[in-house]
Amino acid sequence: MQNLIEIKNLEHVYTDTDGNEVKALDGVSLDIARGEFVAVIGANGSGKSTLARHLNALLLPTAGKCIVAGMDTADDDNLWNIRQHVGMVFQNPDNQIVAAVVEEDVAFGPENIGVPPQEIRTRVDNALAAVGMTDYAKHAPHLLSGGQKQRVAIAGVLALEPDCIVLDEPTAMLDPRGRSEIVGTVKKLNREKKITVVYITHYMEEAMQADRIIAMEGGRIKMQGTPKEIFACVEELHAMGLETPLAAQAAYDLRQKGVKLPQGIIDDEELTEELCR
Amino acid sequence: MPLNLQNVTFTYMKGTPFEKTALSDVSLQIEKGEFVAVIGHTGSGKSTLVQHLSGLLHPDKGSVTVDGVNLNAKNAAAKKARNSVGMVFQYPEHQIFAETVYEDIAFGPRNKGLGPDEVDRAVRDAMAFVGLDFDSFAKRSPFRLSGGQMRRVAIAGVIAMEPDYLILDEPSAGLDPRSRDAVFKEVMALYKKRGIAVILVTHNMEEAARYASRLLVISGGQVILDGVPHDIFTNHKDELLAASMDVPPVYKLADCLNAHGLPVERTPELAALEKQILELRRAKHAD
Amino acid sequence: MLTDITLGQYYPGNSVIHKLDPRAKIIATLLFIAAIFFADSLLSYGVLALFVAVVIGLSRLPVLMVLRSVKPLWIIIVLTLFIHAFTGEGKDVLYQYSFLRLTTEGIIMGIKMSLRLVFLLLISSILTFTTSPIVLTDGIEALLRPFKCIGVPAHELAMMMTIALRFIPTLIEETDRIIKAQTARGADFDSGSLLQRAKNMLPILVPLFISAFRRADELAIAMEARCYRGGEGRTRMHELAYKAKDFIALAIIILLIAVLAVMRWGLGL
């Protein structure tokens, strides 16, 4: 498999409001393959949002390299091309919707890059269908639920026909229903449209859906692996201020008390099965 | 000293095409010393409900009283009654306005008409409750703090009003797990020390199960379930699912174990569930 | 309550009025406003009222909602009525108190002036109710484009308007929430001296401004992430194109002006 994103020794230093230099990213190296679903977890201030913003050149490395679809993000000429390849969905659904009608908002991206009107129409219809919002095409965004708004935001990114979507805590402001809407939509896009997904979240049950989890702390990648591998490290996750899925926690506790359980239990079914054995 | 809601009905944007009845004929009573969790999906009417409890919305029909005083009256007694109900909105840090942490927290106590010494004491107490060191934070600009710290300043601003009833609308929204736990630890400490009533609006069933002594389930503008959380999560799962809510993960795990022939009692504590599992295994090995 | 304001909101629909080209609608609205000032006699006001009623009917908007759009300015309307009623030149004095004279002519003048305001509000709200803000700004942008050579930033103005319109409901909601939050902390907005009252607004205004700036910042980043780089090279999903009905609409308005002009100067009605 070919790598869509290649990050080498990425550093990002910025000056905060008090004039101190802060190293938000400190030597991050990471490859993301085409079609992969990667979740990034970490406490506040661990550098995960900063990392995300490097992927479509909203931030540029102060040291190291970030290569997206073969293009260096530091090269100015690649800027708009990179942003077409990598779309970005942010935390607050209200602050990323530009237009007062859903379909007009979805059209915003393709309009910016000069797509012909007929094709914009097709792209908008396809994007809305992909996130299940076709019925709301003519609605006003401020009257939609949080989950619906966030799906509109995803459609707005999809209309640019990107290879990769980066979602920066897209569910942090949503209720449980909205959260499952978003996770479901993102999974579907990854499976059916082969879109590469980088998904930043605080919610472990969402991270569990990914192919690979990156755990960050202090601007570095602390651990990475499959959900089974990561959630086996209960102590390390707690030390990072993160939670573990309930079943993984229970498996860990029971193992501590002498119950023989294999590694890699992360959901209720697996735990129950092992306990019934 | 109960907080009482009597046959309250409320409709948004009455007389327009956007009209929506958010509460219909709701009656309930909350006593000091209760920890009430209010759950319901978005649009169920739970936000409207708590805004009535704090006297911010006036019911179209029915009444809201604290100790018999109508919250919506226009007199000194009503104002005092309203001040006895504190309300922490969602993302309360977005309502911070003053130049220093101290000034922002002092806003409420001053509005209550307290003297400088009393204001100072209230601010210090409130800061202590939310774990903000007075000497290092009082003079700082609240806008330069981290998200979790700003949230604490905002919560302290309501605690400093010294309410008998404290309403918290999703106080942990948008925080990472560590800050989430810290906020709840502080709220629990306050609840226990002052013997106040806490009304917690949440989407998180685990929070409801872990902290509340009473659970209100709102759906379609009505209270559809009102009882002890453990009882509701154990015996009313179907109603919860029908109102597009769920039971906490630890109940789900118990259900999963039961479904596969491991007889365990449902419990809100993971440790208690684990204990049962260990006992079952011991009994099995003894056979 | 703040969230009850309907002025400037879009009400989606499929009526003839909704489907007119925004440029035609804007021009027609301007022409109608001109027509208002052609009206003189009560009969011609009747013609205007009939016209507005027909337009509301064609737009299939809820009548009550359209009428409510007059509400935010009712004080000005009533004031207009009284000022004219008491200061109008007229012989038929009904009541006098020092320099204030209530005259029949003044009352009629007052009614006419208030009606003008009401018609103006109604027709402009029909414009905003039936035209989505983006389409409306597209129209404005297209109408301003010829003036670009003399330095009118047509696209930038249009984009600013689009964003303003998109965020008005959001900021109104936010204001409502901030007012409630400060009220819950015992804030009092209705008492004290004028200076004191202005000071009392700070707990609302400061958070509101901070929030608006935060939103602006986040929106700018989101727009950049979606490849926004100004008006150059942009295409539109809906290209504007005049159709027969747009010319018919404009013709009707011009006819209305003609009728009013004839009534006033030709027939003396």
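Rules and cut-offs
Residues numbered from 1 in each chain as written. Chains lettered and ligands numbered in written order. Predicted model: local features only at pLDDT ≥ 70, side-chain atom pairs only at ≥ 80, totals over all residues. Heavy atoms only, no water. Helix = DSSP H or I, 4+ residues; strand = E, 2+ residues; numbered from the N terminus. Rg over C-alpha atoms; globule rule 2.2 N^0.38 Å. Buried < 20%, exposed > 50% of the residue type's maximum accessible area, 1.4 Å probe, protein only. Contact = heavy atoms within 4.5 Å. 1 Å grid on protein atoms, 1.4 Å probe; cavity = no way out; pocket = protein on both sides within 12 Å on 5 of 7 lines; lining within 4 Å. Points joined across faces, edges and corners; volume = space filled by probe spheres on them. Axes fitted to C-alpha atoms, helices over the stretch in contact; angles between N-to-C directions. Parallel < 35°, antiparallel > 145°, perpendicular 65-115°, else oblique. Left-handed = near helix turned anticlockwise from the far one by under 90°. Nonpolar A, V, L, I, M, F, W, Y, C, P; charged D, E, K, R; others polar. Buried area = accessible area lost by both parts, 1.4 Å probe. Salt bridge = Lys/Arg side-chain N within 4 Å of Asp/Glu carboxyl O. Pairing = 2+ DSSP bridges. Domains from an automatic or database assignment. Polar contact = N/O pair within 3.5 Å; in protein donor to acceptor, adjacent residues only side chain to side chain.

Thoughts on the overall build of chain B
Here's step 1: When its secondary structure is counted, chain B shows 12 helices and 10 strands.
Here's step 2: For chain B, the C-alpha radius of gyration of 21 Å lies close to 19 Å, the compact-globule estimate for 287 residues.
Here's step 3: Classification of the 287 residues of chain B by burial places 56% in the buried group.
Here's step 4: Long-range contacts, defined as pairs at least 24 residues apart, comprise 61% of the intrachain contacts of chain B with a sequence gap of at least 6.

Considering empty space enclosed by the protein
Here's step 1: Considering all chains together, one arrives at six cavities of 30 Å³ or more under this definition.
Here's step 2: By volume, the largest cavity is sized at about 120 Å³.
Here's step 3: In terms of lining, the largest cavity is formed by 16 residues, of which the most central are Ile134(C), Met159(C), Thr162(C), Arg234(C) and Arg236(C).
Here's step 4: Lining the second largest cavity, in full, are Met87(B), Val88(B), Phe89(B), Pro92(B), Gln95(B), Ile96(B), Asp104(B), Ala154(B), Val158(B), Ala181(C) and Arg185(C).
Here's step 5: Of all elements in the fold, only β6 (85-88) and α6 (147-159) of chain B reach the threshold of two or more residues within the lining of the second largest cavity.

What to know about the packing of helix α11 (residues 268-276) of chain A against helix α11 (residues 249-259) of chain B
The description of two packed helices rests on the angle between their axes and on the distance between the axes.
Here's step 1: Running from N to C, α11(A) and α11(B) cross one another at 40°; their axes reach a closest spacing of 9 Å. Considered as vectors, α11(A) and α11(B) are oriented oblique to each other. For α11(A) against α11(B), the interelement crossing comes out right-handed. Side by side, α11(A) and α11(B) meet where Asp268(A), Glu269(A), Leu271(A), Thr272(A) and Leu275(A) of the first sit next to Pro249(B), Lys252(B), Leu253(B), Cys256(B) and Leu257(B) of the second.
Here's step 2: When grouped by side-chain class, the residues that make up the contact of α11(A) with α11(B) number six nonpolar, one polar and three charged.

Digging into unusual backbone geometry
Here's step 1: Not every positive phi belongs to a glycine, and Ala69(A) is a case in point at roughly 50°.
Here's step 2: Along the chain, Ala69(A) falls in the loop between β4 (63-68) and β5 (71-72).
Here's step 3: The exposure class assigned to Ala69(A) is partly exposed, which follows from its relative accessible area of 24%.
Here's step 4: Positive phi, close to 45°, is recorded for Asn7(B), a residue that is not glycine.
Here's step 5: Among the structural elements, Asn7(B) can be located in strand β1 (residues 3-12).

A word on the interface of chain B and chain C
Here's step 1: The interface of chain B with chain C comprises 27 residues on the first partner and 25 residues on the second.
Here's step 2: Of the roughly 2200 Å² buried where chain B meets chain C, counting both sides, 66% is carbon and sulfur surface.
Here's step 3: On the chain B side of the contact with chain C, His94(B), Gln95(B) and Phe97(B) bury the most area, a combined 24% of that side's loss.
Here's step 4: Seen at the junction of chain B and chain C, the total is one salt bridge.

Notes on the sheet that holds strand β1 (residues 3-15) of chain A
Here's step 1: Across the sheet, four strands lie side by side as β2-β1-β4-β5 (chain A); this open sheet has antiparallel pairing. In this open sheet, the two strands that pair with only one neighbour each are β2 (21-33) and β5 of chain A.

Here's the deal with the domain arrangement of chain B
Residue and element names in this part refer to chain B.
Here's step 1: Here chain B is partitioned into domain 1 (3-230) and domain 2 (248-287).
Here's step 2: Domain 1 and domain 2 are separated by 36 Å when their C-alpha centres are compared.
Here's step 3: Taken together, the contact between domain 1 and domain 2 spans four residues of the former and six residues of the latter.
Here's step 4: Around 410 Å² of area is buried between domain 1 and domain 2 when both sides are counted, 69% of it from carbon and sulfur atoms.
Here's step 5: When residues of domain 1 are sorted by the area they lose upon contact with domain 2, Glu206, Ala209 and His230 head the list and together hold 78% of the total.
Here's step 6: Summed over the shared surface of domain 1 and domain 2, the result is zero salt bridges.
Here's step 7: Applying the counting criterion to the domain 1 and domain 2 interface returns one residue pair in polar contact (both at pLDDT 80 or more).
Here's step 8: Examining the composition of the side of domain 1 that touches domain 2, we find that three residues originate from one element, helix α8 (residues 205-211), more than from any other.

Here's the deal with helix α10 (residues 246-256) of chain A
Side chains of residues three or four places apart in an α-helix project in the same direction, reflecting 3.6 residues per turn.
Residues and elements named next belong to chain A.
Here's step 1: Burial analysis of α10 places eight of its 11 residues in the buried class, the great majority of the element.
Here's step 2: Where α10 is concerned, the buried positions are Ala247, Ala248, Gln249, Ala250, Ala251, Tyr252, Asp253 and Leu254.
Here's step 3: Following α10 by one or two positions, Gly258 adopts a phi angle in the positive range, close to 95°.

Looking at the side chain of Asn92(A)
Here's step 1: With respect to the helices and strands, Asn92(A) occurs in the loop between β6 (86-89) and α3 (102-112).
Here's step 2: Those residues in contact with Asn92(A) that lie beyond four places of it in its chain are Met173(A), Arg215(C) and Glu218(C).

What about the environment of Val88(B)?
Residue and element names in this part refer to chain B.
Here's step 1: Positionally, Val88 belongs in strand β6.
Here's step 2: Using a relative accessible area of 1% as the deciding quantity, one classes Val88 as buried.
Here's step 3: Beyond its immediate sequence surroundings of up to four residues, Val88 is in contact with Ile155, Val158, Leu166, Ile167, Leu168 and Asp169.

Comments concerning the pattern of salt bridges
Here's step 1: Applying the stated criterion across every chain, the model contains 44 salt bridges over all chains.
Here's step 2: Where Glu162(B) meets Arg121(B), a salt bridge forms, and the shortest distance between an N and an O atom there is 3.2 Å. Of this pair, Glu162(B) sits in the loop between α6 and β7 (165-169) while Arg121(B) is found in helix α4 (residues 116-129), placing the two residues 41 residues apart along the sequence.
Here's step 3: The exposure class of Arg121(B) is partly exposed, given its relative accessible area of 37%.
Here's step 4: A single salt-bridge network, built from bridges that share partners, covers Glu111(A), Asp138(C), Glu141(C), Arg234(C) and Arg236(C).

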